[in-house]
Amino acid sequence: MTGTRIAALGHYQPAKVLTNHDLAKLVDTDDAWITSRVGIRTRHVAGPDEPVDELAAHAAGKALAAAGLTPDDIDLVLVATSTAIDRSPNTAARVAARLGMTSPATMDLNVVCAGFTHALATADHAVRAGGARRVLVIGADKMTEVCDWTDRTTCVLVGDGAGAAIVEAVEDEEVGDAPGIGPVLWGSVPEMGNAVRIEGTPPRFAQEGQTVYRWATQQLPALARKACERSGIAPEELAGVVLHQANLRIIEPLAAKIGAVNAIVARDVVNSGNTSAASIPLALAKLVEQGELPSGAPVLLFGFGGNLSYAGQVIRVP
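Now for a look at the structure at hand. These numbers were taken from a predicted model, which means no experiment stands behind them.

Quick word on unusual backbone geometry
(1) Moving on: Following Ser 88, the chain continues to Pro 89 via a peptide bond in cis, the omega torsion being -5 degrees.
(2) Moving on: Following the sequence through the fold, Pro 89 ends up in the loop between strand 4 (76-80) and helix 4 (91-99).
(3) Moving on: Here the residue pair Thr 201 and Pro 202 is connected by a cis peptide bond, since its omega of -5 degrees sits within 30 degrees of zero.
(4) Moving on: Mapped onto the elements of the fold, Pro 202 is located in the loop between strand 9 (196-199) and strand 10 (204-207).
(5) Moving on: Phi at Leu 308 is positive, roughly 50 degrees, even though this residue is not glycine.
(6) Moving on: Relative to the helices and strands, Leu 308 is located in the loop between strand 13 (298-305) and strand 14 (309-316).

Below, the structure is given as structure tokens:
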């Protein structure tokens, strides 16, 4: 056992779609104001009877089906989320119960918008260390449940959804051309952690938008290039770049500064809004499903945001 790969992906979004014109009926805003500042046109909104674990389970079921696996083929369930209201049972345990699993290890990771890439690295490490054979990795958030619908600077940003990946061991003879998961580059800026918050009772999402924008566009390009370097991939060799879908005004300059001149850049934020930990697997799964990224192609995943945390790695498309 010398490596790991992503065997399959899955994604899910609630049926209800909220447009910019719909938002204009709730707060003092309009389509032109929203699209010029964040690039978002629509977002999906879960209902009160659609908890985070249900969104996660839908995405997980699709990933399992795509991989040709059953729930009992999974040893470990990792769910990246920051919007689960209950502390116990954790979201991973509830997903396992929904899927009918019998004895997986179950853990939640709360690294907000960088949650999925942290969870993917954790799955990679667990498999390489022999602690698991197959891991179900999910990013799921219900951001609309923690936003202030009277604050036009934040409520226009958020959406709900989930994305999932199956991570599995790669044997010696498969390493050559198997889709893989490269070494992670991760870290944080603790002294600036308050720039993005979900806190209080009830919890509410708030952020210092300009602080996040400057940090992301100025500091992250070098870190993203370093993540490529750790995988032995030059930015111009990337077939795709999937950044946290925070804001189109962050994604486009960041992608350009990385130097991925030949890559398809995920812009799912336009249709889905900021879905926090769900945004990267959601956008990646859509690109793969639509045939935009061929199997085996190198793609940079890079999450950033809450805690001013970041994590990125180059993966091969399943």
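There is more to say after this.
A closer look at the nonpolar core
(1) Moving on: Membership of the largest hydrophobic core comes to 49 residues, with the highest contact counts inside it found for Trp 215, Leu 220, Leu 238, Leu 243, Ile 258, Leu 300 and Phe 304.
(2) Moving on: Mapped onto this core, the elements with two or more residues apiece are helix 2 (31-37), helix 7 (209-230), strand 11 (240-243), helix 8 (248-258), helix 9 (269-272), strand 13 and strand 14.
(3) Moving on: Considering every element that reaches this core, the biggest residue donor is helix 7, with seven residues.
(4) Moving on: Apart from the residues lying within four places of it in its own chain, the contact partners of Leu 300 are Ala 224, Ala 227, Cys 228, Leu 238, Gly 240, Val 241, Val 242, Ile 258, Gln 313 and Val 314.
(5) Moving on: Ranked by size, the runner-up nonpolar core spans 33 residues in total, among them Ile 6, Leu 120, Ala 126 and Ala 169.

Thoughts on helix 5 (residues 115-128)
(1) Moving on: The end-to-end C-alpha distance of helix 5 is 20 Å, a good match for the 20 Å that 14 residues give at a rise of 1.5 Å each.
(2) Moving on: Of all the 14 residues making up helix 5, eleven are buried; the element is thus mostly covered by neighbouring parts of the structure.
(3) Moving on: Three or more residues of helix 5 are buried, namely Gly 115, Phe 116, Thr 117, His 118, Ala 119, Leu 120, Ala 121, Ala 123, Asp 124, Ala 126 and Val 127.
(4) Moving on: Immediately beyond the C-terminal end of helix 5, within one or two residues, lies Gly 130, with a positive phi of roughly 85 degrees.

Points about the sheet that holds strand 6 (residues 134-142)
(1) Moving on: Spatial strand order, 1-7-6-4-5: five strands in an open sheet with mixed pairing. Of all the strands in the sheet, the pair left with one neighbour each is strand 1 (3-12) and strand 5 (105-109). With direction set aside, neighbouring strand axes in the sheet form an average angle of 20 degrees.
(2) Moving on: Sheet strands in contact with helix 3 (residues 52-67) are strand 1, strand 6 and strand 7 (160-170), and its direction is about 125 degrees off that of strand 1.
(3) Moving on: Together, strand 4, strand 5 and strand 6 form the strand contacts of helix 4, whose direction differs from that of strand 5 by roughly 135 degrees.

Side note on the packing of helix 3 against helix 4
(1) Moving on: Relative to each other, helix 3 and helix 4 sit at 55 degrees, their axes nearing to 9 Å. Looking at the two axes, helix 3 sits oblique to helix 4. The interaxial crossing formed by helix 3 with helix 4 has right-handed handedness. Contacts between helix 3 and helix 4 pair Val 52, Asp 53, Glu 54, Ala 56, Ala 57, Ala 60, Gly 61 and Leu 64 from the former with Thr 91, Arg 94, Val 95, Arg 98 and Leu 99 from the latter.
(2) Moving on: Partitioned by chemical class, the residues of the contact of helix 3 with helix 4 number seven nonpolar, two polar and four charged.

Reading the values: rules and limits
Along each chain, residue indices are assigned from 1 in the same order as the chain's sequence is written. Given that this is a predicted model, residues contribute local features only at a pLDDT of at least 70 and side-chain atom pairs are listed and counted only at 80 or more, while totals for whole chains, interfaces and linings are drawn from all residues. Only hydrogens and water are removed before side-chain values are computed, so all heavy atoms of the structure are retained for them. Numbered from the N terminus, helices here are DSSP runs of H or I no shorter than four residues, and strands are runs of E no shorter than two. Only buried Ala, Val, Leu, Ile, Met, Phe, Trp, Tyr and Cys residues count toward a nonpolar core, and they belong to the same one when joined by side-chain atoms within 4.5 Å. Relative accessibility under 20% of the residue-type maximum defines a buried residue, over 50% an exposed one, and the middle range a partly exposed one, all with a 1.4 Å probe and only protein chains included. Throughout, a contact is declared for two residues whenever any of their heavy atoms are within 4.5 Å. Helix span is expected to be 1.5 Å times the residue number reduced by one. Think of it this way: DSSP has to see at least two bridges between two strands before they count as a pair. Between the N-to-C directions of two axes lies an angle of 0 to 180 degrees, each axis being a line fitted to C-alpha atoms and, for a helix, fitted only over the stretch in contact. The cut-offs work like this: below 35 degrees is roughly parallel, past 145 is roughly antiparallel, 65 to 115 is roughly perpendicular, and the gaps in between are oblique. It is the rotation of the near helix from the far one that decides the hand of a crossing: anticlockwise by less than a right angle makes it left-handed, clockwise makes it right-handed. Three classes are used: nonpolar for Ala, Val, Leu, Ile, Met, Phe, Trp, Tyr, Cys and Pro, charged for Asp, Glu, Lys and Arg, and polar for all others, with Gly counted as polar.

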